[in-house]
Each structure stands twice: as C-alpha cells, then as structure tokens.
Amino acid sequence: MNFVAPNRQAIFSPFHMENYDGYCRWRDNKLANYPKRLEDLIVEIGDPRKLTKAEFMALRERCRKANMAIYVSNTGIDPDPEIPLSVGRWFGVGRLNNNWLADETGLTSLKVAKEGIRRHYIPYTNRAINWHTDGYYNSADKQIQSLLLHVVQRAAQGGENALLDHEIVYILLREMNPDFISALMRPGVLTIPARIDEEKVARKEQSGPVFTITPYGDLHMRYTIRVNNVIWSDEPLIQEALASLARILETENVYKFQGLLEPGMGLVSNNVLHDRAAFTDDDSRQRHYYRARYFDRLAGTGVLDQDP
Ligand SMILES: [Fe+2]
C-alpha cells in the first residue's frame, strides 16, 4: 500500500489545503483554551486496570484537545503489562504494532539493555532521543496512530520527556507559509534507507510524506529530527519547511510540555512529537517504561469527534 495523495481524500478535513474555511474554524477552536502547562494534561486516576467512566472521559477530553493526556495512577512500580493494555482497550485501540523487539504481550519494555541485540538500538540505551514521532521508518500501511507509555520505574537521574502536539506544529507551519504544508505532504519527502542485518534486508527502504490526512480526516505526522541514516528531499521549499519545523522544536514555545514521569504515570497520545533526555540509573532506580504502539487512533478523539 502506498501513501494516498492528500488531494484525493478527506476534502472535508481541516488539514486539507483546499478547505481553508474549515481550517480556520478548526484552528480557532483548537487554540481556544489550549492547555498551557503540563499539569493541564494530567488526570489523577486510581488503578488503570479498573478505570472508571469519569476517569476515562477526563483523559479522552484532553486527548481530544491536545492529542495527549497524562495519568497519575496508584499502581506505583507494579510491572503488570495489563496496566497499559487496559488503558488501550478503553480507547478502542486493538491493533498493536508487535515489532520484532517487543515482549510477548506486544508491549515493548524500554529499559537499558546490557546484552543482546537491543543494546545496539538507542531506545534501549540511556542516551537522549531527539524529537520524533514513533514508527517513522514503518511502511505506509503500518504507520503508528497512537502511542501509550506507562512508567514502571523512573531513572535515578534524568530521563524527562518533552511533548508537542503535531496538530499545533501543523498550525504554526501553515501560518508561516501554507506552501510548507503542501511541500511536507508530498510523497518522497523523507526516505529511511533499508536496514540490513547480517547482509539481509531486514526492513525495506521506506519513503513517504511528513504530513498525511487519514481517511477520517485526521492528521498523521511522520518525522524525526535526526540527521543520520535518513534522507530528506533536497527540494528548496521542503528544506525551508524543515528548517522552520526544526526551529519550532528547538526554541521555547508555549505549546511545548516537558516533565519527568514518575512510577505509575503514563502518557496516552495520538503519537505526538516527543523526545527523551539522557538518564542515569542506579541500583535502586532503573528506568523502565512500557510502550504500546497502535495502528489505530484513540477512539473518539478525531476531528469528527470535536464539539461544534
Ligand atoms: Fe518515541
């Protein structure tokens, strides 16, 4: 399956370049009362395995507005995989991206790997990970629409996450220059070279746009700020758009949230832009996050679900 050209789908979507009036209405609504602090995204809940309707609604309301919410639960360092999996079920996301380094449950345990294949991959080290959305190297039909993180244990030092709603980035870029959006919707903007393991192609080359509009009219973003092992189109307009995007990510703005997640906390998101600071473990605290990636967007949080 190839990426579908955006002008052939979802013309009703506010993200469609030809729907200017729809975009303006959606933008004004989106920016009105947009969360200003990380705390605005936080919902205190009991046990995620026994989420109440009210807790779920509070989380969904934030995801509707900002594509993300953070829960503070009472499960502490309990490593039960059912904790994030049950949150996913509440949001109707069933198609888990069971990648090759995932656990049997389909979740991925992100912690420092001291041996084995994992130690060669940055998520399993204690190094910083720069701005990206998850799964940008996946094929078009396996793009990650939602991302859940659950913290079993934090690092002794560091490991903060920064978060930025990809729809906000779309607005900021479109307000700068609408042609930036058209340019970043072109196929072939970002190419990830094939991954070769033991002289065999483990993952084929993947080429596609940064912004895609889903059949439901929602925005998907495929992006990494890393420069190694990625190939960007050298078209001048695309290069200009990318420079502006990098500036948005690297300079302070009111839409960026940053914080340290403690044990029992978790992120529920429609695969927003995020990064991770470097960290240091010690004997008593070794950072352990569960990560769940889904091919479905969080139910009830799309543009068709917004209040008029
Ligand atoms: Fe990530």
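About the thresholds
Residues numbered from 1 in each chain as written. Predicted model: local features only at pLDDT ≥ 70, side-chain atom pairs only at ≥ 80, totals over all residues. Helix = DSSP H or I, 4+ residues; strand = E, 2+ residues; numbered from the N terminus. Rg over C-alpha atoms; globule rule 2.2 N^0.38 Å. Contact = placed C-beta atoms within 7 Å. Core = buried A, V, L, I, M, F, W, Y, C linked by C-beta atoms within 7 Å. Buried ≥ 20, exposed ≤ 12 C-beta atoms within 10 Å, placed from the backbone. Pairing = 2+ DSSP bridges. Axes fitted to C-alpha atoms, helices over the stretch in contact; angles between N-to-C directions.

## Considerations on the overall build of the chain
- A tally of regular secondary structure across the chain gives six helices and 19 strands.
- Scaling as 2.2 N^0.38, a compact globule of 308 residues should have a C-alpha radius of gyration of about 19 Å, and the chain matches this with 19 Å.
- The principal-axis extents of the C-alpha atoms in the chain amount to approximately 55 × 50 × 35 Å.
- Put simply, 79% of the contacts in the chain that link residues at least 6 apart link residues at least 24 apart.

## A few points about the nonpolar core
- Counting 55 residues, the largest nonpolar core has M68, A69, L184, F211 and V268 as its most contacted members.
- If you tally residues by element for this core, the top one is strand β5 (residues 146-153), at five residues.
- Those residues in contact with F211 that lie beyond four places of it in its chain are Y170, I181, L184, M185, L219 and M221.

## Things to note about the sheet that holds strand β7 (residues 161-164)
- As summarised here, the arrangement of the four strands in space is β4-β17-β7-β15, forming an open sheet in which the pairing is antiparallel. Edge positions in the sheet fall to β4 (129-132) and β15 (257-259), since each has one partner strand and no second. Across this sheet, the average inter-strand angle for adjacent strands is 10 degrees, counted without regard to direction.
- Where β7 and β15 come together, three bridges link them in antiparallel fashion. Opposite A162, over in β15, you have Q258 as the bridge partner.

## Observations concerning the environment of L31
- Tracing the sequence through the fold places L31 in helix α1 (residues 20-31).
- Judged by C-beta crowding, with 11 C-beta atoms within 10 Å, L31 ranks as exposed.
- Taking the C-alpha atoms as reference, L31 lies 22 Å from W131; in sequence the two are 100 residues apart.

## Brief notes about the sheet that holds strand β16 (residues 265-269)
- Spatial strand order, β1-β2-β16-β5-β19-β3: six strands in an open sheet with mixed pairing. Edge positions in the open sheet fall to β1 (42-44) and β3 (108-110), since each of these has one partner strand only. Here the average twist between neighbouring strands, direction ignored, is 20 degrees.
- Pairing geometry for strand β2 (residues 68-72) and β16, over five bridges, is antiparallel. Looking at the pairing, I70 lines up with L267 of β16.
- Along the sheet, helix α2 (residues 53-66) contacts β1, β2 and β16; its crossing angle with β2, the most-contacted strand, is approximately 150 degrees.

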